[in-house]
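Take a look at the letters that make up each chain.
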Amino acid sequence: MDHTKKHIAILGSTGSIGTQALEVIEAHPGSFQVEVLTAQNNADLLIEQAKKFNPNAVVIGNEDAYLKVKDALLPLNIKVFAGENALESVVQMDTIDLVLTALVGYSGLKPTLKAIGAGKSIALANKETLVVAGELVTQLAKSKGVNIFPVDSEHSAIFQCLAGEFHNPIEKIILTASGGPFRGMKREELIKVTKAQALKHPNWTMGAKVTIDSASLMNKGLEVIEAKWLFGLQTEQVEVVVHPQSIVHSLIQFEDGSIKAQLGLPDMRLPIQFAMSYPARLKSDFPRFDFTNFPALTFEKPDMETFRNLALAFDALARGGNMPCVLNAANEVAVAEFLKDRIGFLEMSDVVERCLAKMNYVASPTLEDYVSTDKETRIKAKDLIN
Ligand code: MG
């Protein structure tokens, strides 16, 4: 094994974050080695990636595609596994240094816990893992001495501002939000918006789930919860400001009143690369930001009465226990149903709000409690929709 390179497992290598991570790795062959690639359904792209990056092992989540992947990779001597359990065991392989978790939604929780349990550093792109079970995940990471490096651009910004300041208390953090494609709209207009409109984010190119969450401001709500756990904050220490240009990626205010911000063009490859290369900054050819192209950087208060998801997320976080897990599960169902044209844009918040009101509260959930909360909330959300 080559110890001069970081050996990386990418969970969700065929998605938006996964493919951009492979671009970063391809640009820095001396710094990184791909150890594991995993995909849920996209067998063709997984095979193509494996042929190019020659990992030790791949996992295809959908077991129906196992033989296809296995046959294609047989001549290359790459280990091929299938199914959910395979994901949980492959992250523990001795040869892995860092696991990039780029899975979508709740599915990221168990593999991330297994990777932390095995002492692997985590580059966390799957914010839902911390939303669902932030306390459990961060406590396990602490007890194992494992670092969780944020990939989410806002959290990467906070992390970059913290460099050299780790012993200085944070007064508050300010997460920026683009406001999404429907910024400025009121409820009567939002009733009519379509899936196609919601999928067109003004600044960022991302997967479908996070793009819909951005349009509904649920993404910012999930990021508030993610930030609380990543940086050990109280709910009142997290603030959201709408910044439509997406240039200031987030800010920290310290106890002397000084504010630090991190800026750049909206390009996910930068936070992905920093999470993988930390503490080093690797030279990149990403497009550079030029102030003269952005003469006005503007900031405004989020409209939480119209975009209720953000208020619901703050409420769920303040209540604590299993409520953020309820919020996440109800939202995952609501987004999936919206993407199938089965509910309208505003109804997504209705589903989340009603699940938060109806599910039983568990103050100090165990992993089993989270698993059952997730399952029961999904049933409840589907009942409410049908
Ligand atoms: Mg983000």
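Higher on the page you've got the structure.
So, here is what we can say about the structure in this document.

A few words on the pairing of strand β9 (residues 238-242). By the criterion of burial, β9 is predominantly enclosed, with four of the five residues buried. Here strand β8 (residues 170-177) runs beside β9; their pairing, made up of five bridges, is parallel. Residue Leu-175 lies in a different strand from β9, and its bridge partner there is Val-240.

With that settled, the discussion passes to helix α10 (residues 208-216). The buried fraction of α10 amounts to seven of the nine residues, a majority that puts the element mostly inside the structure. Looking at α10, one finds that the buried residues are Lys-209, Thr-211, Ile-212, Asp-213, Ser-214, Ala-215 and Ser-216. Looking at the packing, one finds that the buried side of α10 touches α6 (128-144), α9 (195-198), α11 (218-231), α13 (308-319), α14 (323-339) and α15 (347-358). Leu-217 lies just past α10 and shows a positive phi near 65°.

To continue, consider the sheet that holds β9. Within a sheet, neighbouring strands are paired by backbone hydrogen bonds and run either parallel or antiparallel to one another. Strand order in the open sheet made by the four strands is β9-β8-β10-β11, with mixed pairing throughout. What marks the edges here is a single partner per strand, and that holds for β9 and β11 (259-263). Averaged over all neighbouring strand pairs, the angle between strand axes comes to 20°, with direction disregarded. Its contacts with the sheet place helix α7 (residues 153-162) against β8, β10 (248-254) and β11, and it is angled at close to 45° to β10.

What follows is about the nonpolar core. With 121 residues, the main nonpolar core has Val-58, Val-69, Ile-173, Phe-182, Phe-231, Leu-327 and Phe-345 as its most contacted residues. The biggest single contributor to this core is α14, with nine residues. The residues that make up this core include at least three from each of domain 1 (6-150) and domain 2 (155-319). With residues near it in sequence (within four places) discarded, Val-58 still touches Leu-37, Leu-46, Ala-50, Val-69, Leu-73, Ile-78, Lys-79, Val-80 and Phe-81.

Turning next to the state of the cysteines. The full count for this structure, using the stated rule, is zero disulfides. Here Cys-325 stays free of any disulfide, with the sulfur of Cys-355 as its closest cysteine sulfur at 11 Å. Take Cys-325: its relative accessible area is 0%, and that puts it in the buried class.

With their axes 10 Å apart at the nearest point, α15 and helix α16 (residues 367-385) run at an angle of 125° to one another. Considering the angle they form, α15 stands oblique to α16. The element α15 and its partner α16 pack so that their crossing is right-handed. For the pair formed by α15 and α16, the contact residues are Val-351, Arg-354, Cys-355 and Lys-358 on the first element and Thr-377, Lys-380, Ala-381, Leu-384 and Ile-385 on the second. Class assignment of the residues belonging to the contact of α15 with α16 gives a composition of five nonpolar, one polar and three charged.

On to the packing of α6 against α14. At their nearest, the axes of α6 and α14 sit 8 Å apart, and the two run at 150° to each other. On the basis of the axis angle, α6 is roughly antiparallel to α14. Relative to α14, the crossing made by α6 is left-handed. Across from Glu-128, Val-131 and Val-132 in α6, the residues of α14 making contact are Pro-324, Cys-325, Asn-328 and Glu-332.

Definitions and limits used
Residues numbered from 1 in each chain as written. Predicted model: local features only at pLDDT ≥ 70, side-chain atom pairs only at ≥ 80, totals over all residues. Heavy atoms only, no water. Buried < 20%, exposed > 50% of the residue type's maximum accessible area, 1.4 Å probe, protein only. Helix = DSSP H or I, 4+ residues; strand = E, 2+ residues; numbered from the N terminus. Pairing = 2+ DSSP bridges. Contact = heavy atoms within 4.5 Å. Axes fitted to C-alpha atoms, helices over the stretch in contact; angles between N-to-C directions. Core = buried A, V, L, I, M, F, W, Y, C linked by side-chain atoms within 4.5 Å. Domains from an automatic or database assignment. Disulfide = S-S within 2.5 Å. Parallel < 35°, antiparallel > 145°, perpendicular 65-115°, else oblique. Left-handed = near helix turned anticlockwise from the far one by under 90°. Nonpolar A, V, L, I, M, F, W, Y, C, P; charged D, E, K, R; others polar.

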